[in-house]
Amino acid sequence: MTADTLDAVRAVLIDALELSQAPEDLHPDTVLFGSLPELDSFGVVALVGALEDRFDITIDDDEFGAELFETVGSLTEFVDAKLA
């Protein structure tokens, strides 16, 4: 995962979910799904839309899964793969 993508994913997470954390508080191993109350069904939709807009990618329905939103790192690696 690249540092630039990690920083951008952190920013999208904070903006889309209206988190109170600072970007540096979100590490690659920070657990998202099941740990952040903001990441409910509405939060997932907001986050996916924000990621698609920010990175100009499309996240297909079959790519959705708990493993995608497991950690900041798993989400960043997914975005990196979509950008490759």
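Details of the structure are given in the entry above.
What counts, and where the lines are drawn
Residues numbered from 1 in each chain as written. Predicted model: local features only at pLDDT ≥ 70, side-chain atom pairs only at ≥ 80, totals over all residues. Heavy atoms only, no water. Helix = DSSP H or I, 4+ residues; strand = E, 2+ residues; numbered from the N terminus. Rg over C-alpha atoms; globule rule 2.2 N^0.38 Å. Buried < 20%, exposed > 50% of the residue type's maximum accessible area, 1.4 Å probe, protein only. Contact = heavy atoms within 4.5 Å. Expected span 1.5 Å × (residues − 1). Phe/Tyr/Trp six-rings, centres within 6.5 Å; stacked < 30°, edge-to-face > 60°. Lys NZ or Arg CZ within 6 Å of the ring centre and 35° of its normal. Axes fitted to C-alpha atoms, helices over the stretch in contact; angles between N-to-C directions. Left-handed = near helix turned anticlockwise from the far one by under 90°. Nonpolar A, V, L, I, M, F, W, Y, C, P; charged D, E, K, R; others polar.

Asks: Looking at this structure, how should I read the overall build of the protein?
Replies: Looking only at helices and strands, the protein has three helices and zero strands in total. Going from N to C terminus, the protein has its helices and strands arranged as α-α-α. Compactness check: the protein gives a C-alpha radius of gyration of 11 Å against a globular reference of 12 Å for 84 residues, within 12% of the reference. When the backbone C-alpha atoms are referred to their principal axes, the protein occupies close to 30 × 25 × 20 Å. Within the protein, the proportion of its 84 residues that are buried is 40%. In the protein, 61% of the contacts between residues at least 6 apart in sequence involve partners at least 24 apart.

Asks: Explain helix α1 (residues 3–17) to me, please; I cannot follow it from the model alone.
Replies: Given 3.6 residues to a turn, an α-helix orients residues that are three or four positions apart in the same direction. Between its terminal C-alpha atoms α1 stretches 21 Å, which fits the 21 Å expected from 15 residues at 1.5 Å a residue. Along α1, the residues that are buried comprise Thr5, Leu6, Ala8, Val9, Arg10, Val12, Leu13, Ile14 and Leu17. Buried residues in α1 make contact with α2 (41–55) and α3 (72–83). Where α1 ends, the next residue or the one after it, Glu18, has phi of about 55°, a positive value.

Asks: Help me understand the packing of aromatic side chains, please; the structure alone is not making it clear to me.
Replies: Aromatic ring pairs are described here by two measures, namely the spacing of the ring centres and the angle between the planes. What the rule picks out here adds up to zero aromatic pairs. Cation over ring: Arg54 sits above Phe55, and NZ or CZ is 4.9 Å from the ring centre.

Asks: Explain the packing of α1 against α3 here, please?
Replies: Between two packed helices, the angle of one axis relative to the other and the distance separating the axes together describe the packing. The geometry of α1 relative to α3 is characterised by a closest axis approach of 9 Å and an angle of 115° between their N-to-C directions. Note on packing geometry: the crossing formed by α1 with α3 is right-handed. Contact residues: Thr5, Leu6, Val9 and Leu13 in α1; Val72, Leu75, Thr76, Val79, Asp80 and Leu83 in α3. A class-by-class count of the residues in the contact of α1 with α3 yields seven nonpolar, two polar and one charged.

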